[in-house]
Amino acid sequence: MLKKAFVQSGTLLLLLFMTFSTLQNPVTGSYIKEITGKAEQVLKEEDPLYMEIIRKRQEYDQPAVDAVIDPVWKAIPGLNGKRIDVQKSYDKMKPAGAFQEGLLTFEETPPEVTLKDLPPAPVYKGNSGKPMAGMMVNVAWGNEYLPDMLKTFKKYDVKATFFLDGSWVKNNPNLAMMIKEEGHEIGNHAYSHPNMQQLSRERIHDEIRRTNEVINAALNVTPQWFAPPSGSYRDEVVKVAREHGMYTVLWTVDTVDWKKPDPASMADRIVRKTEPGSLILMHPTSSTKEGLETMITGIQKKGLKLGKLSDVLSEKRLSE
């Protein structure tokens, strides 16, 4: 009797050991997970809520847009697509058991071609599918207007991209640091405000390199954007800038503020012409100082977000 009980106990222990070993076996464990996952998927597909979310993808999903070289606007950045994250959306809606549009969760899908994949070409605007515009301030003079402009940008929590002349940074490191500390983006505007189109390749390199060096020394920043003075360039300028790791940027809408236009008229024209993807050129001038607030509020009323070039020209979509 005792022997029989011992055998039964041993057999039970052996079965328990074998069951435990089987469960711990990675192959068996993966198989069990796979079977469990399939079972869960079948249950979801029988849930009308889950299937409703899948059907909504036809309505909400948007394909990514590749970056392209446009015959007029040159390099235009791409834009991420978006699609419903079915599982996350389902998890949010499941407790209520009903479809709720406000609980949809999306994920972004990158384009196959981005700005960095394109051959060197100037950028005049962002992707028109992104409701955003950028303000660019070219700085080689106009120190007296910068503090008031910075106050206006801060008042509306708008960040711009300031393209700094290298010699200006060398002579005005404190003002340059003020711009950086306000959270604005720093770009390269050459060293001596030359006509880049007429320079030799060696001189183009020198203008860009010296400016990057002085900006890096003063601000610990390496620019990724280059704005040729007066918008003057040739293909060689764009290629050299890319060799320095920068994209050449021009503009979509120009304040022409150096001509001292009436601030109200200038601001009204800029607001009217600004569209999704627009890059707006300005300088530290009296006209821009006086008209900046009207430009900012007018553009925002059109439903456009204002931001730095790195935000406007990125493939990332705006949060909805």
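This is a predicted model, so every value here is computed, not measured.

Enquirer: Explanation requested: the overall build of the protein chain in the structure shown.
Expert: The helix and strand tally for the protein chain stands at 12 helices and 12 strands. Within the protein chain, the proportion of its 320 residues that are buried is 43%. For the protein chain, the accessible surface area stands at approximately 17300 Å², while carbon and sulfur atoms represent 54% of it.

Enquirer: Would you take a moment to explain the layout of surface pockets for this structure?
Expert: Using a probe with the size of a water molecule, rolled over the atoms, empty space left in the structure can be pinpointed. One number sums up the size of the second largest pocket: a volume of about 160 Å³. Grouping the amino acids of the lining of the second largest pocket by side-chain chemistry returns five nonpolar, five polar and one charged.

Enquirer: Quick question: what am I supposed to make of the environment of Gln198 here?
Expert: Position of Gln198 relative to the elements: it lies in the loop between β7 (185-188) and α8 (201-219). Distance from Gln198 to Arg234, taken between C-alpha atoms, is 8.4 Å for residues 36 residues apart in sequence.

Enquirer: Just checking my understanding: could you explain the pattern of salt bridges for this structure?
Expert: Between side chains of opposite charge, a pair can form as their charged atoms come close. Applying the stated criterion across every chain, the model contains 15 salt bridges. Among the salt bridges present, the one from Lys56 reaches Glu59, with a minimum N-O distance of 3.5 Å. Within this pair, Lys56 and its partner Glu59 are both found in helix α3 (residues 48-60), separated by three residues, close to a single helical turn. A residue is classified by how much of its surface remains accessible, and Glu59, at 56% relative accessible area, is exposed. Each of the salt bridges in this network shares a partner with another, and the network as a whole consists of Asp206, Arg209, Arg210 and Glu213.

Enquirer: Looking at this structure, how should I read the nonpolar core?
Expert: Counting 36 residues, the largest nonpolar core has Met135, Phe153, Phe162, Leu164 and Trp168 as its most contacted members. Among residues more than four places away in sequence, those in contact with Met135 are Phe153, Ala160, Thr161, Ile280, Met282, Leu292, Met295, Ile296, Ile299, Leu306 and Gly307. In this structure, Met132, Trp225, Val249 and Leu313 belong to the second largest nonpolar core, which totals 18 residues.

Enquirer: Hey, could you run me through α3 in this one?
Expert: Helical geometry note: an α-helix holds 3.6 residues per turn, so side chains three or four residues apart project in the same direction. In this model α3 runs 18 Å from its N-terminal to its C-terminal C-alpha over 13 residues, within 8% of the 18 Å that 1.5 Å per residue would give. By the burial criterion, the buried members of α3 are Leu49, Tyr50, Ile53, Lys56 and Tyr60. With its buried residues spanning 110° around the axis, α3 presents them on a single face. Facing away from the buried side of α3 by more than 90 degrees, the exposed set consists of Pro48, Arg55 and Gln58. In this structure Asp47 caps α3, since a side-chain oxygen of it lies 2.9 Å from the backbone nitrogen of Leu49.

Enquirer: Is there a simple way to think about the pairing of strand β6 (residues 161-164) in this case?
Expert: The two faces of the sheet receive side chains in turn, since in a regular strand these alternate between them. Burial along β6 is two-sided: Thr161 and Phe163 and Phe162 and Leu164, pointing in opposite directions, are all buried. Alignment of strand β5 (residues 132-139) against β6, held across four bridges, turns out to be parallel. Following the sheet pairing, Asn138 is matched in β6 by Phe163. Where β6 lies against β7, four bridges are found, and the strand directions are parallel. Directly across from Leu164, in β7, lies its bridge partner Asn188.

Enquirer: Where do I start with the packing of helix α5 (residues 146-155) against helix α11 (residues 286-301) in this structure?
Expert: When two helices pack together, you describe them by how their axes are tilted relative to each other and by the distance separating the axes. It is at 9 Å that the axes of α5 and α11 come closest, and there the two elements cross at 10°. If you check the angle between α5 and α11, you find them roughly parallel. In this structure, α5 contributes Asp148, Met149, Thr152, Phe153 and Lys155 to the contact, and α11 contributes Thr288, Lys289, Leu292, Glu293 and Ile296. Each residue belonging to the contact of α5 with α11 can be placed in one class, and the counts come to four nonpolar, two polar and four charged.

Enquirer: Looking at this structure, I do not really get the environment of Leu164. What am I missing?
Expert: Residue position: Leu164 is located in strand β6. Along the chain, Leu164 and Val137 lie 27 residues apart, while their C-alpha atoms are 8.4 Å from each other. Look past the residues within four positions of Leu164 in its chain and what remains in contact with it is Val139, Val169, Ala176, Ile179, Ile186, Gly187, Asn188, His189, Ala190, Thr211, Ile215 and Leu219.

Enquirer: Can you walk me through the side chain of His184 in this structure?
Expert: Looking at where His184 falls in the secondary structure, it is placed in the loop between α7 (173-181) and β7. Residue class for His184 comes out buried when judged on its relative accessible area of 5%. Within the local environment of His184, its side chain forms a polar contact with the backbone nitrogen of Ala160, the two atoms lying 3.0 Å apart. If we ignore the near neighbours within four places in the chain, the residues touching His184 are Leu150, Phe153, Val158, Lys159, Ala160, Phe162, Ile179 and Lys308.

Enquirer: Help me out: how do you make sense of the confidence of the model for the protein chain in this one?
Expert: Should the pLDDT be low somewhere, the predicted coordinates at that spot are not to be read in detail. On average, residues of the protein chain score 90 in pLDDT, and 86% of them reach the 70 mark or higher. Note on residues 1-7: pLDDT under 50 across the span, and zero contacts to partners over four residues away in sequence or across chains.

Enquirer: Looking at this model, I keep getting lost on unusual backbone geometry. Mind explaining?
Expert: Glycine aside, residues mostly have negative phi angles, and peptide bonds mostly take the trans form. With a phi close to 50°, Asp157 is a non-glycine residue in the positive phi region. What makes Asp157 exposed here is its relative accessible area of 58%. Positioned with a positive phi, Asn220 is a non-glycine residue whose angle comes to about 55°. Secondary-structure assignment places Asn220 in the loop between α8 and β8 (225-226).

Cut-offs applied
- Here the residue index of a chain counts from 1 through its sequence in written order.
- For a predicted model such as this one, the threshold for reporting local features is a pLDDT of at least 70, and the threshold for listing and counting side-chain atom pairs is 80 or more; totals across whole chains, interfaces and linings nevertheless cover every residue.
- With hydrogens and water set aside, each side-chain value is computed from the structure's full complement of heavy atoms.
- Every helix listed is a DSSP run of H or I at least four residues long, and every strand listed is a run of E at least two residues long, numbered separately from the N terminus.
- The buried label applies to any residue whose accessible area, calculated with a 1.4 Å probe on protein chains only, is under 20% of its type's maximum; exposed applies above 50%, and partly exposed to all values in between.
- For the accessible areas, the method is Shrake-Rupley and the probe is 1.4 Å, while residue cover comes only from the protein chains on display.
- Only protein atoms enter the calculation, which uses a 1 Å grid: trapped sets of points that fit a 1.4 Å probe without letting it out are cavities, open sets showing protein on both sides within 12 Å along at least five of seven lines are pockets, and any residue with an atom within 4 Å of a point is a lining residue.
- Grid points are joined across faces, edges and corners, and a volume is the space filled by probe spheres set on the points.
- Throughout, the ten residues Ala, Val, Leu, Ile, Met, Phe, Trp, Tyr, Cys and Pro are labelled nonpolar, Asp, Glu, Lys and Arg are labelled charged, and all others, Gly among them, are labelled polar.
- Counted as salt bridges are all cases of a side-chain nitrogen of Lys or Arg within 4 Å of a carboxyl oxygen of Asp or Glu.
- Put simply, buried Ala, Val, Leu, Ile, Met, Phe, Trp, Tyr and Cys residues joined by side-chain atoms within 4.5 Å make one nonpolar core.
- Contacts were defined at the residue level, with two residues in contact if any of their heavy atoms lie within 4.5 Å.
- Here, expected helix span is obtained from the residue count minus one, scaled by 1.5 Å.
- Think of the arc as the fan of directions from the helix axis to the C-beta atoms.
- Identification of polar contacts relies on pairs of N or O atoms within 3.5 Å, with a donor-acceptor requirement for protein atoms, meaning one able to donate a hydrogen and the other able to accept it, and with residues adjacent in sequence counted only if both atoms are side-chain atoms.
- For two strands to pair, DSSP has to find at least two bridges joining them.
- In this analysis an axis means a line fitted to C-alpha atoms, helices contributing only their contacting stretch, and an angle means the value between N-to-C directions, from 0 to 180 degrees.
- The scheme is simple: roughly parallel for angles under 35 degrees, roughly antiparallel for over 145, roughly perpendicular for 65 to 115, oblique for anything else.
- pLDDT expresses how confident the predictor is about each individual residue, on a scale running from 0 to 100.

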